[in-house]
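# Results of the structural survey
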Amino acid sequence: MNRRDFFRFTGFGASAALLSRLADAATGQLGFVPTNTGIKGRVVVIGGGMAGATVAKYLRLWGGSGVTVTLVERDAAYTSNILSNLVLNGQRTLTSLQFGYSTLASRYGIKVVRGEAKAIDHVGHKVLLADGTSLPYDRLVVAPGIEFNVIPGLETAAAQAKVPHAWKAGAQTTTLKNQIAAMPSGGTFVMTIPAKPYRCPPGPYERACVVADWLKRYRPGSKVIVLDANSGILAEPENFSHAFDVIHQGVIDYHPGVTINSINASTMTLNTSMGALRANVINAIPSQRAGSILTASGLANAPGQWADVNVLTYQSTVAPGVHIIGDSSATTQPKAGHIANQEAKICADAIVRLLAGLSPDPAPVTNSACYSPITSQTASWLSSRFAYDPATAKMALVAGGLVEAPSISKDNYEEMFKWFNTLMEDSFA
Ligand SMILES: Cc1cc2nc3c(=O)[nH]c(=O)nc-3n(C[C@H](O)[C@H](O)[C@H](O)COP(=O)(O)OP(=O)(O)OC[C@H]3O[C@@H](n4cnc5c(N)ncnc54)[C@H](O)[C@@H]3O)c2cc1C
């Protein structure tokens, strides 16, 4: 990426003083917080995932030492969802997908607070933590990811443990991996996909492929039945159709437009619009909504309980001074880690400008890439580019901006790890 692309990519086009500091970024020296830009402000960030970690880092990089950043995160380390499907086939461990917060603290001077944000007082401009601490702010960024809606029949913790979604990498990922390993040859794995929007559009199709590939080799005769609430494959349709119909032919049965009425975890039966189905393993991905701190604070004001934002600043449409980024925000962009990283940069840029008394960039652009393993050695990819459309005040897909890999290949599989390492370094290091 050259210097010009870098500015376009980050959506940054601020004052000459700010641009001169970015020159260091353009030469690759990103780990540099200017001592004093003259800009001052207290920013609190809730959630240290893909969006929250990135916004905290870039607020310091671009705002300088006068912009204090406090990052509130409930977990000691972040576990990446990206690549977590490869935990299911034993190619990655959960530990290898964990990222701590010490570099954000030591390199950028971010104050990392381990805790649970319980309430947002957007009138009094403070965040209340579960331990009673109150954190005052000038600007608040909320990046809590998603919460899950409950599928009828799976109300209890025991039922949810037996029918895991594994759509938040962690203990459920290990449960699902163990359940797949315990399947008999000739067994049935049923996976359900919720109606859009949900986190990571290609993710479920990718998971079906990874599981089918493993079962084919280690549990011959097994089936992967995919029940999709959507009317067709939502992402990389060419490559996933080829994967389902040719590469994993006879293993994956894909059914679009299926409604899940309920799931009985005791009998391992799904009651669906295409009848009752029994399975050895059920991987039911529920529909989702904004993180609970947002619903509890009245900020999940868009349909489906997502948070409506102005995409020039990611400011909430109901709470001035509160910015919402990542999966929780309701935008036209996919709910994806790469997009969360991009939204974080647009938001950091906007906050720095607002603190400096400037206007936000009127023409932000974002992009997203996503690699999808198809077998243990091959992958596909998808990329998309968005630009702000003043007519609709939304991010619009640019003409020709949605591209899927011309074929499924080994090269894509190898590039996937380079893309992942770069993205995670940009967010956490
Ligand atoms: C199987 C799978 C595969 C995926 N693959 C890809 C991929 O290939 N490419 C891609 O771009 N995306 C992928 N994604 C999607 C990606 O993981 C998400 O879009 C991304 O993580 C969203 O970032 P976020 O910051 O909004 O949320 P998260 O990354 O989930 O971070 C939210 C953070 O907030 C914390 N938090 C929440 N509430 C509170 C609170 N009240 N107090 C304190 N802390 C709190 C959480 O602990 C968490 O650390 C995948 C997802 C899955 C499930």
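Residues numbered from 1 in each chain as written. Predicted model: local features only at pLDDT ≥ 70, side-chain atom pairs only at ≥ 80, totals over all residues. Heavy atoms only, no water.

## Thoughts on unusual backbone geometry
Our working definition: The secondary structure listing takes helices from DSSP runs of H or I that are at least 4 residues long and strands from runs of E that are at least 2 residues long, numbered from the N terminus.
Residue Pro-197 is bonded to the preceding Lys-196 through a cis peptide linkage, with omega at 0°. Within the secondary structure, Pro-197 is located in the loop between strand S11 (188-193) and helix H8 (203-218). The residue Ala-166 is not glycine, and still its phi comes out positive at about 50°. Inspection of the secondary structure puts Ala-166 in the loop between helix H6 (157-162) and helix H7 (171-181). Unusually for a residue other than glycine, Tyr-314 sits at a positive phi of about 65°. Locating Tyr-314 in the fold gives a position in the loop between strand S19 (307-310) and strand S20 (315-316).

## Focus on the site of the ligand
Put simply, the rule is: Think of it this way: one heavy atom of a residue within 4 Å of a molecule or strand is enough to make that residue near it. Pairing of N or O atoms within 3.5 Å defines a polar contact, subject to two protein rules: one partner must be a possible hydrogen donor and the other a possible acceptor, and residues neighboring in sequence count only if both atoms are side-chain atoms. Note on residue categories: nonpolar means Ala, Val, Leu, Ile, Met, Phe, Trp, Tyr, Cys or Pro, charged means Asp, Glu, Lys or Arg, and polar means any other residue, Gly included.
Around the ligand sit 34 residues, and of these Ala-51, Glu-73, Tyr-78, Arg-199 and Asp-327 come closest. Interatomic distance of 3.2 Å between a side-chain N/O atom of Arg-74 and a nitrogen atom of the ligand. Breaking the shell around the ligand down by element, the ones donating at least two residues are helix H3 (50-63), strand S2 (67-73), helix H11 (337-355) and strand S23 (365-373). For the shell around the ligand, the per-class residue count stands at 15 nonpolar, 11 polar and 8 charged.

## Topic: the domain arrangement of the chain
This is how the line gets drawn: Note that the domain bounds were set by an automatic or database domain assignment. Any two residues whose heavy atoms approach within 4.5 Å are treated as being in contact. In short, buried area is how much 1.4 Å probe accessible area vanishes from two parts on joining, totalled over both. Salt bridges are defined as contacts in which a side-chain nitrogen from Lys or Arg sits within 4 Å of a carboxyl oxygen from Asp or Glu.
Partitioning the chain into domains gives domain 1 (3-147 + 288-360) and domain 2 (156-284). In this structure, domain 1 and domain 2 have C-alpha centres spaced 32 Å apart. Taken together, the contact between domain 1 and domain 2 spans 19 residues of the former and 21 residues of the latter. A combined buried area of about 1700 Å² lies between domain 1 and domain 2, and 56% of that area is made up of carbon and sulfur atoms. The largest share of the area that domain 1 buries against domain 2 comes from Asn-85, Leu-88 and Gln-288, three residues that together contribute 37% of it. At the boundary of domain 1 with domain 2, the tally comes to 2 salt bridges. One salt bridge in this structure joins Arg-199 and Asp-327, with 2.6 Å as the shortest N-O distance.

## A short note on the confidence of the model for the chain
Stated precisely, the cut-off is as follows: Think of pLDDT as the predictor's per-residue confidence, scored from 0 to 100.
In the predicted model, the chain carries a mean pLDDT of 93, and 93% of its residues have values of at least 70. Ignoring residues within four places in sequence, the model shows residues 1-29, a span with pLDDT below 50, making 44 contacts including any to other chains.

## Notes on H7
This is how it is decided: Under the scheme applied here, a residue whose accessible area is under 20% of the maximum for its type counts as buried, over 50% as exposed, and between as partly exposed, the area being computed with a 1.4 Å probe on protein chains only. Starting at the helix axis, one direction is taken to each C-beta atom, and the arc is that of these directions.
Along H7, the positions that sit buried rather than exposed are Thr-173, Leu-176, Gln-179 and Ile-180. Buried residues of H7, seen end-on, are gathered within an arc of 125° and therefore sit on one face of the element. Lining the buried residues of H7 we find helix H4 (85-88), H6, S11, H8 and strand S17 (281-284).

## Things to note about the packing of H11 against helix H12 (residues 410-428)
Note the threshold: The axes used here are C-alpha line fits, helices contributing only the stretch in contact, and every angle between their N-to-C directions lies in the interval 0 to 180 degrees. Put simply, a crossing is left-handed when the front helix is turned counterclockwise from the back one by less than a right angle, and right-handed when it is turned clockwise.
Look at H11 against H12: their axes get within 11 Å of each other, and the N-to-C directions meet at 35°. As for the relative orientation of H11 and H12, their crossing is left-handed in sense. Contact residues: H11 offers Gly-337, His-338, Asn-341 and Lys-345, while H12 offers Trp-419, Leu-423, Asp-426 and Ser-427. Looking at the contact of H11 with H12 residue by residue, the class counts come to 2 nonpolar, 4 polar and 2 charged.

## Quick look at the pairing of S19
As a reminder of what qualifies: Being paired, for any two strands, means DSSP has found at least two bridges between them.
Of the two faces of S19, the one lined by Ala-307 and Val-309 is fully buried and the one lined by Asp-308 and Asn-310 carries no buried residue. Inspection of the sheet shows S19 paired to S20 by 2 bridges, in the antiparallel sense. Residue pairing for S20: Asn-310 is matched across the bridge by Gln-315. Where S19 hands over to S20, the hairpin turn is made up of 4 residues, of which Tyr-314 adopts a positive phi near 65°.

## Remarks on H3
Counted only if it meets this: The span expected for a helix works out to 1.5 Å for each residue beyond the first.
Here H3 spans 20 Å end to end across 14 residues, near enough to the 20 Å set by a 1.5 Å rise per residue. Most of H3 sits inside the fold, with 14 of its 14 residues counted as buried. After H3 finishes, the residue Gly-64 shows a positive phi value of roughly 85°.

## Notes on the packing of aromatic side chains
Heads up, the rule is: Aromatic rings from Phe, Tyr and Trp, taking only the six-membered ring of Trp, are treated as a pair when their centres fall within 6.5 Å; an angle between ring planes under 30 degrees marks them as stacked, one over 60 as edge-to-face, and anything in between as tilted.
What the rule picks out here adds up to 13 aromatic pairs. With a centroid separation of 5.3 Å and 15° between ring planes, the pair formed by Tyr-78 and Phe-428 is classed as stacked. Residue Tyr-78 is found in strand S3 (residues 78-79), and its partner Phe-428 is found in helix H12; the two are separated by 350 residues along the sequence. Each member of the pair Tyr-78 and Phe-428 is classed as buried. Each residue in the set Tyr-78, Phe-99, Tyr-101, Phe-420 and Phe-428 is aromatic and connected to the rest through ring pairs, giving one cluster.

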